[in-house]
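# Tertiary structure, described
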Amino acid sequence: MSDLLARVSAFRAAFARRQAAELLELPEFPGVFAVRDAEHVLSHEHNQLIVTGPGTDPAELPGLAERWLGQRRQYAITVLDQECGERAAPVLAEAGYEDGAAVVLARETAGCALPEPAARPTEFAELREAVLRQQSEWHEGEELIRQLTDRRPTRLRGAERVHFLAARAADGEIAAWVDLYLEPAAGLAQVEDLVTAAAHRGAGHGDTLLASGLALAAAAGIPQLFLLADAADWPREWYARRGFTEIGRSHSFHTN
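These lines cover the structure that appears in this document, whether it is placed above or below.

What counts as what
- Residues numbered from 1 in each chain as written.
- Predicted model: local features only at pLDDT ≥ 70, side-chain atom pairs only at ≥ 80, totals over all residues.
- Heavy atoms only, no water.
- Pairing = 2+ DSSP bridges.
- Helix = DSSP H or I, 4+ residues; strand = E, 2+ residues; numbered from the N terminus.
- Contact = heavy atoms within 4.5 Å.
- Axes fitted to C-alpha atoms, helices over the stretch in contact; angles between N-to-C directions.
- Polar contact = N/O pair within 3.5 Å; in protein donor to acceptor, adjacent residues only side chain to side chain.
- 1 Å grid on protein atoms, 1.4 Å probe; cavity = no way out; pocket = protein on both sides within 12 Å on 5 of 7 lines; lining within 4 Å.
- Points joined across faces, edges and corners; volume = space filled by probe spheres on them.
- Nonpolar A, V, L, I, M, F, W, Y, C, P; charged D, E, K, R; others polar.
- Buried < 20%, exposed > 50% of the residue type's maximum accessible area, 1.4 Å probe, protein only.
- Right-handed = clockwise from strand over helix to strand, strands pointing away.
- Phe/Tyr/Trp six-rings, centres within 6.5 Å; stacked < 30°, edge-to-face > 60°.
- Lys NZ or Arg CZ within 6 Å of the ring centre and 35° of its normal.
- Salt bridge = Lys/Arg side-chain N within 4 Å of Asp/Glu carboxyl O.

The strands making up a sheet are joined through hydrogen bonds of the backbone, oriented either antiparallel or parallel. An order of E1-E2-E3-E4-E11-E5-E10-E9-E8-E7-E6 is seen for the eleven strands of this open sheet, with the pairing classed as mixed. Each of the sheet's edge strands pairs with one partner strand only, and the pair in question is strand E1 (22–25) and strand E6 (120–121). Bridge count between E6 and strand E7 (residues 161–168): two bridges; the pairing is antiparallel. Its bridge partner being in E7, Pro 121 is matched across the sheet by Leu 165. Packed on one face of the sheet, helix H4 (residues 124–138) meets E7, strand E8 (174–183) and strand E9 (188–196) and runs near 110° to E8.

Take a look at the structure:
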């Protein structure tokens, strides 16, 4: 594992710990912990087993998830270590888990400046309606949609500085949004959940968000910005055209 990838994985683990409503360390299984959140019980992000290192037998993971996450309709396991994730994939597939492999992409922030117009930090209360509308397009079930929308403020605990950036249409309507996490002590920034509303796609709002995130990271003295992209979907190529390179992979497994 490269030094940059190791730092990214450490940051992701720390973020999950800090935002967790309930953190369960598993001392008998070094490199494994669980997070739970009774207010957002339908969110995999907030109720999952997280594996940070290669020391755990993948065959143990389904049982650990059931033990530490309790009775659930679906179980989620994130494996940050690439080699461990690759070893776990066939084992967890046998146990009924699907693999959502993600590529970790990164680029330097040096020389990045705010675009004009720039995306600006926005309070969640102002962003909520747009997020709720988007979740309603992606998912069914009123309670699931509400939880996936209202979980977002928990991320404010995850990093030293967290911003919800919004890009706006000419009439002021929120057209696109993304989370920006700044961790100067680690020399890392992350953008997460970049979304453009359907009515505003093709107008360059994604570029505005990405350029703004890079510029804000540079202004904070952070030399590297990373993000996650679905290993099997087109956005990874979109990011590659904007200077991002793959530094590794991680795996997120879930049952149906």
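A separate point is the environment of Gln 48. With respect to the helices and strands, the residue Gln 48 is situated in strand E3 (residues 48–51). Counting along the chain gives 118 residues from Gln 48 to Ala 166, while the straight-line C-alpha distance between them is 28 Å. Sequence-distant contacts of Gln 48, defined by excluding residues within four places in its chain, comprise Phe 33, Ala 34, Val 35, Leu 69, Ala 76, Ile 77 and Thr 78. Reaching out from Gln 48, the side chain makes a polar contact with the backbone oxygen of Glu 45 at a distance of 3.2 Å. A distance of 2.5 Å separates polar atoms of two side chains, one belonging to Gln 48 and the other to Thr 78.

Our focus in this paragraph is the layout of surface pockets. Volume-wise, the second largest pocket comes out at about 160 Å³. What lines the second largest pocket is a set of 13 residues, among which Pro 117, Ala 118, Ala 166, Ala 167 and Arg 168 lie closest to the centre. For the lining of the second largest pocket, the secondary structure elements donating two or more residues are E6, E7 and helix H6 (205–219). Its residues assigned to classes, the lining of the second largest pocket shows seven nonpolar, four polar and two charged.

Positionally, Gly 111 belongs in the loop between strand E5 (97–108) and E6. Distance in space between the C-alpha atoms of Gly 111 and Phe 29 is 43 Å, their sequence separation being 82 residues.

The subject of this paragraph is the pairing of strand E4 (residues 76–79). Here E4 shows two buried faces, one formed by Ala 76 and Thr 78 and the other by Ile 77 and Val 79. Summarising the sheet, E3 and E4 pair through three bridges and their orientation is parallel. When the bridges of E4 are listed, Val 51 appears paired with Val 79. For the handedness criterion, the β-α-β arrangement of E3, helix H2 (residues 61–69) and E4 is classed as right-handed. Here four bridges tie E4 to strand E11 (residues 245–255), and the two strands are oriented antiparallel to one another. Bridge pairing links Thr 78 to Ser 252 in E11.

According to the stated counting rule, one finds six aromatic pairs in the structure shown. Ring centres 5.9 Å apart and planes at 80° place the aromatic pair Phe 11 and Phe 226 in the edge-to-face group. Residue Phe 11 is located in helix H1 (residues 3–19), and its partner Phe 226 is located in strand E10 (residues 224–230); the two are separated by 215 residues in the primary sequence. Taken together, the ring pairs connect Phe 11, Phe 15, Tyr 181 and Phe 226 into an aromatic cluster. When the ring centre of Phe 33 is taken as origin, the NZ or CZ atom of Arg 17, which lies over that ring, is 3.9 Å away.

Before going further, it helps to spend a moment on the pattern of salt bridges. One pass over the structure, following the stated rule, counts 20 salt bridges. Asp 193 is the partner of Arg 155 in a salt bridge, and the nearest nitrogen-oxygen pair spans 3.0 Å. With Arg 155 in the loop between helix H5 (142–150) and E7 and Asp 193 in strand E9, this residue pair connects regions lying 38 residues apart in the sequence. Residue classification places Arg 155 among the buried positions, given a relative accessible area of 2%. According to the relative accessible area criterion, Asp 193 is partly exposed, its value standing at 27%. For the salt bridge of Arg 242 with Asp 207, the shortest nitrogen-to-oxygen distance reads 2.5 Å. Highlighted residues: Arg 242 in the loop between helix H7 (235–240) and E11 and Asp 207 in helix H6, separated in sequence by 35 residues.

Time to look at unusual backbone geometry. Following Glu 116, the chain continues into Pro 117 via a peptide bond in cis, with omega recorded as 0°. Along the chain, Pro 117 falls in the loop between E5 and E6. The backbone of Asp 193 shows a phi angle near 60°, a positive value even though the residue is not glycine.

A few words on the environment of Arg 73. Considering the arrangement of structural elements, one finds Arg 73 in the loop between H2 and E4. Sequence-wise, Arg 73 and Leu 61 are twelve residues apart; in three dimensions their C-alpha atoms are separated by 17 Å. Excluding anything up to four places from it in sequence, Arg 73 contacts Leu 42, Thr 255 and Asn 256.

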